Amino acid sequence: MKTKKVLNGNMLALLVLAGMMVGLAAPATAQTLLSIGHWTFDDPAGSTSAADSSGTNNGICGSSLYPIGSNASRNLYCPAFGIAGRVGTAADFSGTNQGLRVNNTIPNSFTVTAWFKTTATGTGGVGSAAYSGRGIIWSDKSGGASDMIPMSLTADRIAFGTGGNGGVGYNTLTSTVPVNTGEWVCAAVTRDMTTGAKQLYINGQLDGSNTAGGTGSLDANPYIVFGANPLDYRYFDGEIDNIYFYDRVLRGGDPGTLPTARHCADAGGPYLVAVGEDVTFDGSGSTGGGEDPLTEAWSANGGIISGSTFTAESTPGIYEVSLVVSDGAFDSEPDTTTVVVYDPS
């Protein structure tokens, strides 16, 4: 049976601490993907860089950090770290002179995913070129160039831009739905260098695609910036969490088909349960799967898992919980939360 959640002072303190711990790394039971860049933004308040948990491509910030040519450069001051995020903590960008620079490790085929939250309106209009917007994930070069803008905010939409390459001109793929809702949005873009195919996903659902991404390398800019279009002084005003880079198109099923919708797991929580009692984990907030139903794979310490039901063992404490969702061909990245096991006596 489920534990009745009656809180005393000690239990409440444990639950608050569990909320602070959400986002700690936990092993995924069904995880099969290997990213070449992952920025959790779980860096402490006051940090001057964003750690790349999958390697050494840390996001850096500072003065005169972004070269724009002719021996000129732009400042990229640090965003605010340590604020509550979608998972763990996030980076808060003020819309003025803030950004993080990483190396461009995805010039060819790629998938880029991110969580972000904003109520701001981007520059440009719906359908404007991606380079006219406010940078979320940005790698533009002045003038015509084989560059890219995985995500910018134009009006109330996401824009995905690819520069002229492989015999095609500049191309922008724009979302059909607004994204400045004040809620966390999971966005993903893919580009296949072999075919020029581009896809844009919003909250796990395919929102748009075309074949105008070109077949050349998008390496004109050696850097990618989070939270800024520093070239044109157009900065993102909002929060960013959990950016992933992959050096390939994430696919599901037959390799010749469009990639499976980018799944976004939501483990819910934090949860509270007494020693020896059961609690049911809730993954209903997970998105993606398209026409295929998602299955859940839960893992947790401190108890026994059967499906989504967790039976607490005898030792009180705060334990990590992880959820991966899958359509059978493609697994999500894990989402983590915590379960507080307490002694009611």
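Rules used throughout
- The written sequence of each chain sets the order in which its residues are numbered from 1.
- Note on the predicted model: pLDDT of at least 70 is required for a residue's local features to be given, and 80 or more for side-chain atom pairs to be given and counted; whole-chain, interface and lining totals, by contrast, use all residues.
- Side-chain measures were taken over the full set of non-hydrogen atoms in the model, leaving aside hydrogen atoms and water.
- Secondary structure counts use DSSP, requiring at least four H or I residues in a row for a helix and at least two E residues in a row for a strand, with both numbered from the N terminus.
- Residue burial is assigned from relative accessible area. The probe radius is 1.4 Å, only protein chains are included, and a residue is buried under 20% of its type maximum, exposed over 50%, and partly exposed in between.
- The disulfide definition used here is simple: a pair of cysteine sulfur atoms within 2.5 Å.
- In this scheme Phe, Tyr and Trp rings, the latter by its six-membered ring, pair at centre separations within 6.5 Å, and the angle between planes marks the pair as stacked below 30 degrees, edge-to-face above 60, and tilted otherwise.
- Definition used for salt bridges: Asp or Glu carboxyl oxygen within 4 Å of a side-chain nitrogen of Lys or Arg.
- Within this scheme the basic residues Lys and Arg register as positive and the acidic residues Asp and Glu register as negative, but His and the chain ends are omitted.
- We call two N or O atoms a polar contact when they sit within 3.5 Å, provided that within protein one can donate a hydrogen and the other can accept it, with sequence-adjacent residues counted only if both atoms are side-chain atoms.
- Should any heavy atoms of two residues lie within 4.5 Å, those residues are considered in contact.
- Two strands form a pair only when DSSP identifies at least two bridges running between them.
- Axis geometry follows a simple rule: fit a line to the C-alpha atoms, using only the stretch in contact for helices, then measure angles between N-to-C directions, giving values from 0 to 180 degrees.

(A) Expanded view of unusual backbone geometry. With an omega of 0°, the peptide bond running from G269 to P270 counts as cis. Phi angles above zero are rare outside glycine, and N97 is one such case at about 60°. Residue placement: N97 occurs in the loop between β7 (89-94) and β8 (100-103). Take N97: its relative accessible area is 30%, and that puts it in the partly exposed class. For N242, which is not glycine, the phi torsion reads 50° and is therefore positive. The topology assignment puts N242 in strand β20 (residues 237-246).

(B) Main features of the state of the cysteines. As enumerated under the stated definition, the model contains 1 disulfide in all. A sulfur-sulfur distance of 2.0 Å marks the disulfide that ties C61 to C78. A torsion of 85° about the S-S bond marks the disulfide between C61 and C78 as right-handed. Residue C61 is found in the loop between β3 (59-60) and β4 (62-69), and its partner C78 is found in the loop between β5 (72-76) and β6 (80-84); the two are separated by 17 residues along the sequence. Given the relative accessible area of 13%, C61 is considered buried. Assessed through its relative accessible area of 25%, C78 is described here as partly exposed.

(C) Quick look at the packing of aromatic side chains. If you walk through the whole model with that rule in mind, you get 11 aromatic pairs. Between W39 and F226, the aromatic rings sit 5.1 Å apart at their centres with planes inclined by 75°, giving edge-to-face as the arrangement. Residue W39 is found in strand β1 (residues 37-39), and its partner F226 is found in strand β17 (residues 223-226); the two are separated by 187 residues along the sequence. Accessibility expressed as a relative area gives 0% for W39, which makes it buried. Exposure remark for F226: the relative accessible area of 0% places this residue in the buried category. Relative to F236, the ring of F116 has its centre 6.3 Å away and its plane inclined at 90°; by these criteria the two rings are edge-to-face.

(D) Focus on the pattern of salt bridges. Under the definition given, this model contains 6 salt bridges. Ionic pairing is found between D156 and R157, a salt bridge with its closest N-O pair at 2.7 Å. Judged by its relative accessible area of 16%, R157 falls in the buried class. Where R234 meets D232, a salt bridge forms, and the shortest distance between an N and an O atom there is 3.7 Å. Judged by relative accessible area, D232 falls into the partly exposed class, the value being 32%. Here the residues in one salt-bridge network are R86, D266 and D335, joined through shared partners.

(E) Quick peek at the side chain of D43. In this fold, D43 is placed in the loop between β1 and β2 (49-50). Of the side chains with opposite charge, R101 comes closest to the buried, unpaired D43, at an N-O distance of 16 Å. Here A51 takes part through its backbone nitrogen, which lies 3.0 Å from a polar atom of the side chain of D43. Not counting residues within four places of it along the chain, the set of residues in contact with D43 comprises S49, A50, A51, F81, G82 and T89.

(F) The arrangement of the sheet that holds strand β24 (residues 303-306) in detail. Overall, antiparallel pairing links the 3 strands, which are arranged β22-β25-β24 in an open sheet. Because the sheet does not close on itself, it has two edges, and the strands there are β22 (278-280) and β24. Between one strand and the next, the sheet's axes are offset by a mean angle of 20°, whatever the strand orientation. Bridge analysis of β22 against strand β25 (residues 309-312) gives 3 bridges, and the strand direction is antiparallel. The residue of β25 that forms the bridge with V279 is F310.

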